[in-house]
Amino acid sequence: MKSPASIKKAADWALPYWTRGQAGRETPQDLFRVLYFGWLAALTLKLLGSAWDVSWHFKWLRDDLAPPHLLNSAGTALAVALTIIHGYTGYGVDKAALRLIQWGTGIFLVAVPLDLINHRVNGLDITSWSPSHIMLYVGTFFMIVGVIRGWFMGAPPGRERTVVLGAFLAFLLETVHFPEQHQEYGILSIGAWDNGATYAEPILLQFAADQMGRPVDRTMMTGFALPVPDFLYPVYAVVAGLSVLVVARLLIGRFGAATLVAAAYVGFRTLVWPLLTLTGFPPSAVPFFLVVAGLLVDAAFLVRMPVARAVLGAAGATAVAYGALVAQSAIMGVVYGALIGHEGLLGAPPLATSSAVWAGLGLLAAWLAVEWVAGRRDLQPIEARVIATATP
């Protein structure tokens with residue numbers, strides 16, 4: 001708890017900066033750091049809330065005021081406050097970064113009531129891939145892209161700049177991959193059902209069954225846990241997830257950047273897994289394959305020619321991602337089954353291997369687009385509008 005004196009000191013420091021200004025305004029270095037460390041705090045709260053949210057919805061009947069929603073809302077409130085500060089003062093962002101942040105925050109805030117209305121009208125929203133949910137992801141995506149641009153363009157060179165940039169990119173990967181958690185939780189819920197166990201509370205299963213108009217059986221369970229086609233998980237992971245890793249490698253500009261960003265996200269999922277399961281929440285498969293695919297993205301950048309790099313990288317990363325998914329499904333199924341005493345539980349969502357061609361082509365198109373943008377816009381920060389004095 002902060003003392004009144006420390007609060008007054010913080011207010012005395014901050015209030016002189018509360019003046020109207022245009023985006024791109026020269027920003028004192030200490031103010032710049034406070035703003036972007038504020039974004040780290042906001043996105044961390046949203047990360048913790050979202051990590052809990054999917055597990056919560058595979059166990060309990062939906063509640064607008066569920067703890068994961070409240071935690072996520074705290075992060076959203078901080079993000080909205082930072083958006084207002086950037087927009088009013090013009091500090092810490094250029095025009096493009098500000099527009100991305102504002103549009104992203106706006107889309108997210110519009111999606112929240114639409115999602116509440118959707119649940120009031122349609123009851124359970126069986127899939128995380130619904131339109132109102134996708135609006136939430138899209139809003140968060142643009143918000144984080146704006147934050148990444150603002151930090152990339154304005155942060156002074158050094159280790160802190162690289163580490164924080166990597167953290168923001170890991171948050172972006174989490175946002176992009178988030179809807180895939182439905183299948184990652186769903187496949188283990190199906191496996192548990194096949195072995196005579198359930199993770200969801202009876203009230204949730206009965207509610208879902210009533211909504212589908214059938215008894216609580218395996219067909220209902222599949223409709224609740226895996227309501228999307230099998231090809232969606234690997235294709236989306238390769239095209240969307242690996243595209244984020246390509247961008248990470250280009251922006252950070254160092255070998256291992258894509259691998260480390262993937263490892264940061266997967267590491268978080270690995271750490272939170274026992275915290276959730278040991279407190280009685282359903283487990284999920286963890287996307288370890290992203291780390292292996294990230295290593296292939298890094299390796300592809302050893303090729304100097306952008307087009308050749310995209311072609312070889314897309315082919316290699318797609319093949320490795322699909323191979324790692326097959327291996328993860330087999331290996332993790334055995335390990336997880338041994339841990340809880342149920343044989344045959346899968347460690348990865350269903351994999352339609354024939355979709356690898358489409359996933360590879362999609363990643364190639366995205367990679368070429370990223371390389372084209374990078375070629376037209378030199379990926380170097382503009383002359384930083386960050387000054388060393390703390391004087392407004």
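Draft legend 1. A look at the overall build of the chain. Within the chain one finds 14 helices and 2 strands. Residue burial in the chain is summarised as follows: out of 392 residues, 49% are buried. Considering only intrachain contacts with a sequence separation of at least 6, the fraction spanning at least 24 residues in the chain is 79%. Summing over all exposed atoms, the chain offers an accessible surface of approximately 18000 Å²; the carbon and sulfur share of this is 70%.

Draft legend 2. Examining the environment of Trp56 more closely. On the secondary structure map, Trp56 appears in helix α2 (residues 29-57). Its relative accessible area of 13% is what places Trp56 among the buried residues. Spatially, the C-alpha atoms of Trp56 and His69 are 10.0 Å apart, while their sequence positions differ by 13 residues.

Draft legend 3. Seen up close, the side chain of His177. Looking at where His177 falls in the secondary structure, it is placed in helix α6 (residues 159-177). His177 sits in the buried class, given a relative accessible area of 2%. Sequence-distant contacts of His177, defined by excluding residues within four places in its chain, comprise Glu184, Tyr233, Tyr265, Arg269, Pro287 and Leu290.

Draft legend 4. Looking closely at the packing of helix α10 (residues 232-252) against helix α14 (residues 356-376). Where α10 meets α14, the axes come as close as 9 Å, and the angle between the chain directions of the two elements is 25°. Comparing the axis directions of α10 and α14 gives the class roughly parallel. The two elements α10 and α14 cross, and the hand of that crossing is right-handed. In this structure, α10 contributes Pro234, Val235, Val238, Val239, Leu242, Ser243, Val246, Val247 and Leu250 to the contact, and α14 contributes Ala359, Gly362, Leu363, Ala366, Trp367, Val370 and Ala374. Looking at the contact of α10 with α14, its residues break down into 14 nonpolar, 2 polar and no charged.

Draft legend 5. Up close: the pattern of salt bridges. With the rule as written, the count across this model stands at 5 salt bridges. A salt bridge links Asp298 to Arg249, with the shortest nitrogen-to-oxygen separation between them at 3.7 Å. You can see Asp298 sitting in helix α12 (residues 289-300) and its partner Arg249 sitting in helix α10, a full 49 residues away along the chain. The two residues Asp298 and Arg249 agree in class, both being buried. The shortest N-O distance in the salt bridge between Glu371 and Arg309 comes to 2.8 Å. Here the residue Glu371 occupies a position in helix α14, and Arg309 occupies one in helix α13 (residues 306-340), the gap between them amounting to 62 residues.

Draft legend 6. Highlighting helix α7 (residues 181-194). For α7, spanning 14 residues, the distance from its first C-alpha to its last is 20 Å, which sits close to the expected 20 Å at 1.5 Å a residue. Across the 14 residues of α7, 12 count as buried, placing the element largely inside the fold. Restricting attention to buried positions, one finds in α7 the residues Gln181, His182, Gln183, Glu184, Tyr185, Gly186, Ile187, Leu188, Ser189, Ile190, Gly191 and Ala192. Positive backbone phi, at 80°, marks Gly196, one or two positions downstream of α7.

Draft legend 7. Fine view of α12. Given a rise of 1.5 Å per residue, 12 residues ought to cover 16 Å, and the 17 Å separating the end C-alpha atoms of α12 matches this to within 8%. By the burial criterion, the buried members of α12 are Phe289, Leu290, Ala293, Gly294, Val297, Asp298 and Ala300.

Draft legend 8. Structural context of the environment of Asp53. Within the element layout of this structure, Asp53 appears in helix α2. You can call Asp53 buried: its relative accessible area is 15%. It is 9.5 Å that separates the C-alpha atoms of Asp53 and Leu71, two residues lying 18 residues apart in sequence. Contact partners of Asp53, with chain neighbours within four places excluded, come to Pro68, His69 and Phe178.

How each quantity is defined
Residues numbered from 1 in each chain as written. Predicted model: local features only at pLDDT ≥ 70, side-chain atom pairs only at ≥ 80, totals over all residues. Heavy atoms only, no water. Helix = DSSP H or I, 4+ residues; strand = E, 2+ residues; numbered from the N terminus. Buried < 20%, exposed > 50% of the residue type's maximum accessible area, 1.4 Å probe, protein only. Contact = heavy atoms within 4.5 Å. Areas by Shrake-Rupley, 256 points an atom, 1.4 Å probe, with all protein chains shown as cover. Axes fitted to C-alpha atoms, helices over the stretch in contact; angles between N-to-C directions. Parallel < 35°, antiparallel > 145°, perpendicular 65-115°, else oblique. Left-handed = near helix turned anticlockwise from the far one by under 90°. Nonpolar A, V, L, I, M, F, W, Y, C, P; charged D, E, K, R; others polar. Salt bridge = Lys/Arg side-chain N within 4 Å of Asp/Glu carboxyl O. Expected span 1.5 Å × (residues − 1).

Geometric values such as these leave the question of function open.
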